[in-house]
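# Overview (structure and organization)
Each chain, written out:
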Amino acid sequence: MKNYSSFLGKTWKFARTKLGIIIIILILIAGYFTFHKKNTKYAFVNVIRGEITEMVSVTGNTTPVQDVSLGFENGGTIARTYASIGNYVKAGQLLAQLNISDLSAQLKQAEANVDVQKAKLESLKAGSRPEDIAGSQASFDKANQDLANMYASIADTLNDSYIKANDAVRVQTDPLFSNAENNNIQLTFNTNSSQIATDVKTERPAVGLTLNVWQTELLNVSPLSSSDKIEIAVKNALSYLSSVRQFLADTSSALDGAVNLSATNLATYKTNITSATIEVNTAIKNLNTASQNRASQKLTMAQLQAQLALKQAGSSQSDISAQTAQVEQAEASVLSVQAKLSNSMIITPINGVVTKFDAKVGQIASPGASLVSIISNNQFEINAQIPETDIDKIALGNVVDVTFDAFPGETFTGKLFYIDPAQTVNQGVVNYKIKVSFDRPNPRMKSGLTANLGIETRKNKNTLILPQYAVLQNDKGTFVQKLINGVVT
C-alpha cells in the first residue's frame, strides 16, 4: 500500500511537469480520433418513385374584372349629382348631370326647325301659292340687305384693327427702341441673341412702313365700297396683322434674353408686349369673325335664293328631293343636340361599386376629366408579371394555386387566361403581364390584395424522388453520396 501511494505521488508530480502535460494532451487527442472514427454515424434517405409537379411562383395583386373612369364629354357647370363613394350602381344609372338649360333650348329650336323643313317639303309637294312666292322673295331681299349691312360695317372693323396694330407697334413697343422709324434703329437694352436682335431691328422699320401702307389703303375703303374691294382690304389687313404679330413675338424673345435691364423695366416691357399681342390677336379675331359671318350670310342667301327659285319654277322631283335633304339635315341637327345632351351626363355602363366621386354641384367640369370611378362588385382577377426566363413554361389554361397574405392558411384556385404578347421592361428587366381568373368568386375579396401564385406548368409521374438537401452541387456537377462497403462514394 505504501508503494502504491508512492507511485501515485510520483505520477501526480510528473503530470504537473511541462513534459507530462504534453504527453497527456497527445494521449487524449489520439483517444478522441480513435474512438470517434469508430463511432461515425451516417444519415440515410430512401429514394422513391412518385409524381412531381413543376411550378412557377410569382406575386401579383387582385384587380376588378371591370373598372371604368367616367367624366363629361362636354364642359360646363355640374347641376345635379345622384351618387357618392361606396354606392352600388346599376348599368344605365344616371350619376351626375351638367346644367343643360342652353342645350334644352337648342333641342327645342332644332326640333322646331325639323317641323319647318317638313312643312316646306309638304308645301313643295302641294305646289307653290302666290303668297308663298312673295314671302320667299321678302326673305331673300332681307338676307341680301343683311349682307350689304355686313359689308358696310366692315369698314369700321378694318379701322379698329389698324388702330390696335398701330398702338401695339408705335405705343407699346417703341420704348424698347431708339430711332424706331429709320435705319439707325437700336434696342435700348442688350440681349444674349445677336440674331434675334438683328431680326427685330430689321422688322421694326418694316412694320412701320406696313402700317403706313395700310393707313393709305383704308382711306379708299368706306361703307359704300364694293364687296370685292372690301374683301381685298380684309385679306390685306390679315396679312399686315400677321407681320405685326411676328414682330411682337420676336421682340418678346429679345426681352427673354435681356442682360442689362432692371427688373422693373423688364417687367414693364413684358407687360407692354403682352398687351400689344392681345390687341393684335383681338383684331385678327374680329376680322376672321366678320369674314365667317359674311360667308354664313352668303350661304343663307344662296339657300333662300334656291327656295325662291324653287317656288317660282314650281315643284319638280329634284326640288322635292333637295327639300327632303333639308329635312334630313334638320333631323341630324336634332340628333347632334341630343348627343350633346347625352355627353352632359355621366351614366354608368356597368354594375358595380363607386370608388371615386369627385363631381360636386356648382363645380366647373372640364371635358374628358375623370370624375367618377366604378369597379365591378365581387368580380376580381389577379394581375402579375412573369420573368422572361419562365414565360416559355406557362400556357393558357394552367391551373394556379393562390394564397393571400390577408387570408393566412387558405388556398384558392384559378386558371391562367391571359398572357400579354408584348413585353414590359422595367429598369432593364423584361417581364410579361399575365391574368388569372378565380374558379369561384369570394365575397371577401378586395381590390389590391397581394396574391402569391403557384402556376402548375408540368407533371411527371414515376420519377425518382429524394429530399433536396441530399442533392449536392459543386464545380464537377450534381450528385448524391452513397455508402458502399463503409466508404462514402
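Not measured: the values here are computed from a predicted model.

## Section: the packing of aromatic side chains
For any pair of aromatic rings, the description rests on two quantities: the centre-to-centre distance and the angle between the ring planes. Tallied over the entire structure, the rule returns eight aromatic pairs. Relative to W214, the ring of Y162 has its centre 5.6 Å away and its plane inclined at 85°; by these criteria the two rings are edge-to-face. Of this pair, Y162 sits in helix α4 (residues 130-173) while W214 sits in helix α5 (residues 194-218), and the two are 52 residues apart along the sequence. The interplanar angle of 50° and the centroid separation of 5.7 Å between the aromatic rings of W214 and Y240 together place this pair among those described as tilted. Of this pair, W214 sits in helix α5 while Y240 sits in helix α6 (residues 227-256); the two residues are 26 residues apart in sequence, bridging distant segments of the chain. Each member of the pair, W214 together with Y240, is buried. An aromatic cluster of at least three residues, connected via ring pairs, comprises F404, F407, F412 and F438. In this structure, K435 is placed above the aromatic ring of Y418, and the distance from its NZ or CZ to the ring centre is 5.5 Å. In this structure, R444 is placed above the aromatic ring of F407, and the distance from its NZ or CZ to the ring centre is 4.5 Å.

## Side note on the pairing of strand β16 (residues 429-438)
Relative to β16, strand β12 (residues 380-387) runs antiparallel, the two being bridged by seven bridges. Across the sheet, I382 pairs through a bridge with V436, a residue of β16. With five bridges connecting them, strand β14 (residues 412-419) and β16 associate as antiparallel partners. Each bridged residue has a counterpart across the sheet, and for Y418 the counterpart in β16 is K435. Sheet analysis places strand β15 (residues 424-426) next to β16, joined by three bridges and oriented antiparallel. Each bridged residue has a counterpart across the sheet, and for N426 the counterpart in β16 is V429. Counting the residues that bridge the hairpin from β15 to β16 gives two residues, and of these Q427 lies at a positive phi of roughly 55°.

Rules behind the numbers
Within each chain, residues carry numbers counting from 1 in the order of the written sequence. Only residues with pLDDT of at least 70 are given local features in this predicted model, and only at 80 or more are side-chain atom pairs given and counted; all residues enter the totals for whole chains, interfaces and linings. Each side-chain value is worked out from all heavy atoms of the structure, with water and hydrogens disregarded. For Phe, Tyr and Trp, rings pair up if their centres lie within 6.5 Å, where Trp contributes its six-membered ring, and each pair is then called stacked (planes under 30 degrees apart), edge-to-face (over 60) or tilted (otherwise). A run of DSSP states H or I qualifies as a helix once it reaches four residues; a run of E qualifies as a strand once it reaches two. Both are numbered from the N-terminal end. Exposure categories follow from relative accessible area, calculated using a 1.4 Å probe and restricted to protein chains: below 20% of the type maximum is buried, above 50% is exposed, and the middle band is partly exposed. Put simply, a charge is over a ring when the Lys NZ or the Arg CZ is close to the ring centre, within 6 Å, and near the line of the ring normal, within 35 degrees. Pairing between strands is defined by DSSP: at least two bridges between them are needed.

Functional significance is not addressed by these values, which are geometric in nature.
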